[in-house]
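Below are the chains, spelled out letter by letter.
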Amino acid sequence: MRAVVTGGAGFLGSHLCDRLIGEGWDVLALDNLVTGVDGNIAHLLKNAKFQMLRADVSQYIDVPGPVDYVLHFASPASPVDYLKMPIPTLKVGALGTHNALGLARAKNAKFFLASTSECYGDPEISPQNEEYWGHVNPIGPRGVYDEAKRFAEAMTMAYHRYHKVDTRIVRIFNTYGPRMRLNDGRALPNFVFQALSGMPLTVYGDGKQTRSFCYVTDLIEGIYRLMMSEEHLPVNIGNPQEITLLGFAERIRKFFDDPPPIVFKPLPQDDPKRRCPDIGRAKRILKWEPRVGLDEGLKLTLAYFQDVFKKN
Ligand code: NAD
Ligand code: UDP
């Protein structure tokens, strides 16, 4: 089996490449390194079954040879990243998805879209199930990411319905773990970087907004099961353990001998107030649920970040 993974040098893409290589696949990662880093896949380059090609998938994608699965993970994912790159984000969600679907169709390969809980926007219901259509501000700053992903889902379903491409869509909820960039601006790397640098943790707003954090190995297991399933409708994968951002900052500071203080900063525009996955569909269809608790996942992630911090 041979897979093409777009965004393969990113946080999630590189863990997915690891998993596929571990399952005996040949893997070609396509990445333009706008937010990914070579270091995430350096260990794989020694493996003859793995190849990495530097390419912008918003441009035409040319891949020689047979392909069995195209997995489209390329896209900035941190709000700080996609606010810095609004047009490349729109392009990779729209044109990149179209190109990746075109590649899958040309090769008669299956297609897998990494979508997001951001499709639900600032949700009016909680937990969010896959039937919910979402509450997105199309012209707000986050719209560049949310609407690109919503378009990507629509395009994927159209290729499935009209071109009969065998597709899957995962809606990923906040995921964390080793290989996140310490400076990517998301809550967890920010808090950890601040704690390691002896700075206060910056909680945005009053910290009552919630997120639900999934450890990366759980997510990859859910993704692999969805790849192998026959489900074409979107499936939420995430950890339903919901926590306020203030609670999350407190959980992280407890890991430090000299716990840093917490300071409050303005809440970014359209920041979702609640986010918690309903994982009923994943449980039913994939027999999947997360196994790694927050403290266990944080411990593993902190060990990684401490190491990165020491080296820099
Ligand atoms: P990441 O920024 O670490 O990885 C994204 C990768 O895509 C990077 O390596 C980047 O260089 C690459 N990329 C971006 N634009 C590209 C282009 N035009 N051509 C080629 N490569 C390009 O982010 P991540 O957290 O690993 O996210 C991966 C995917 O999962 C994204 O599609 C994201 O929307 C989705 N997702 C992630 C989360 C999460 O919590 N991490 C949540 C929801 C959805
Ligand atoms: N956040 C925070 N302090 C930070 C970074 C983020 O309080 O230093 C908050 C942010 O406002 C949001 C939550 O943490 O409510 C998660 O933000 P993140 O950027 O990790 O991802 P999002 O879930 O918003 O896409």
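Just so you know, these numbers come straight off a predicted model, no measurement behind them.

1. So, the sheet that holds strand 2 (residues 26-31)
Step number 1: Taken together, the seven strands give an open sheet; going across it, the order is 3-2-1-4-5-6-11, and neighbouring strands pair in parallel fashion. A strand with exactly one partner marks an edge of an open sheet, and here the two such strands are strand 3 (50-54) and strand 11 (235-237). On average, each strand axis in the sheet is tilted by 20° relative to the strand beside it, whichever way the strands run.
Step number 2: Bridging between strand 2 and strand 3 involves five bridges; their strand directions are parallel. Bridge pairing links L30 to L53 in strand 3.

2. Some points on the packing of aromatic side chains
Step number 1: By the definition in use, this model includes eleven aromatic pairs.
Step number 2: A ring pair is formed by F191 and F248, whose centres lie 6.2 Å apart and whose planes are at 50°; its orientation type is tilted. With a gap of 57 residues between them, F191 in helix 5 (residues 187-196) and F248 in helix 7 (residues 245-253) connect regions that are remote in the sequence. Each member of the pair, F191 as well as F248, is classed as buried.

3. A short note on the site of ligand 2
Step number 1: What surrounds ligand 2 is a group of 18 residues, the closest being T202, Y204, R211, D271 and R275.
Step number 2: At a separation of 3.0 Å, an oxygen atom of ligand 2 approaches a polar side-chain atom of Q209.
Step number 3: The separation between an oxygen atom of ligand 2 and a polar side-chain atom of D271 is 2.6 Å.
Step number 4: In isolation ligand 2 exposes 520 Å². Once the protein is present, 96% of that is buried.
Step number 5: Sorting the residues of the shell around ligand 2 by element identifies helix 5 and strand 8 (201-204) as the ones contributing at least two each.
Step number 6: Classifying every residue of the shell around ligand 2 by side-chain character gives seven nonpolar, five polar and six charged.

4. Regarding the pairing of strand 5 (residues 110-116)
In regular strands, side chains alternate between the two faces of the sheet.
Step number 1: Taken across its seven residues, strand 5 has six buried, putting it largely inside the fold.
Step number 2: Relative to strand 5, strand 4 (residues 69-72) runs parallel, the two being bridged by four bridges. Residue pairing for strand 5: L71 is matched across the bridge by F112.
Step number 3: Inspection of the sheet shows strand 5 paired to strand 6 (residues 167-172) by six bridges, in the parallel sense. Looking at the pairing, S115 lines up with R171 of strand 6.
Step number 4: Once you follow strand 5 into helix 4 (residues 143-163) and on to strand 6, the crossover reads as right-handed.

Cut-off values and rules
Residue numbers run consecutively from 1 along every chain, following the written order of its sequence. For naming, the first written chain is A and the first written ligand is 1, with later ones following in the order written. Only residues with pLDDT of at least 70 get local features here, since the model is predicted, and only at 80 or more are side-chain atom pairs given and counted; chain-wide, interface and lining totals rely on the full set of residues. To obtain the side-chain values, all non-hydrogen atoms of the structure were included, while hydrogens and water were left out. Any two strands between which DSSP finds at least two bridges are classified as paired. Runs of E in the DSSP output that reach at least two residues are strands. Runs of H or I that reach at least four are helices, and both are numbered from the N terminus. Every axis corresponds to a line fitted to the C-alpha atoms, with the helix fit spanning only the stretch in contact, and the corresponding angles, defined between N-to-C directions, vary from 0 to 180 degrees. Geometry of aromatic contacts follows a simple scheme: Phe, Tyr and Trp rings, the Trp one being its six-membered ring, pair when their centres are within 6.5 Å, and the pair is stacked under 30 degrees between planes, edge-to-face over 60, tilted otherwise. A 1.4 Å probe rolled over the protein chains alone gives each residue an accessible area, and that area as a share of the maximum for its type sets the label: buried under 20%, exposed over 50%, partly exposed in between. The rule for a residue being near a molecule or strand is that one of its heavy atoms must lie within 4 Å of it. Polar contact is the term for a pair of N or O atoms within 3.5 Å; when the atoms are in protein, one must be able to donate a hydrogen and the other to accept it, and sequence-neighboring residues count only if both atoms are side-chain atoms. Accessible areas in this description were obtained via Shrake-Rupley with a 1.4 Å probe; residue shielding takes into account the shown protein chains only. Under this grouping Gly is polar, as are all residues other than the nonpolar Ala, Val, Leu, Ile, Met, Phe, Trp, Tyr, Cys and Pro and the charged Asp, Glu, Lys and Arg. A clockwise course of the path from the first strand over the helix to the second, judged with the strands pointing away from the viewer, identifies a crossover as right-handed.

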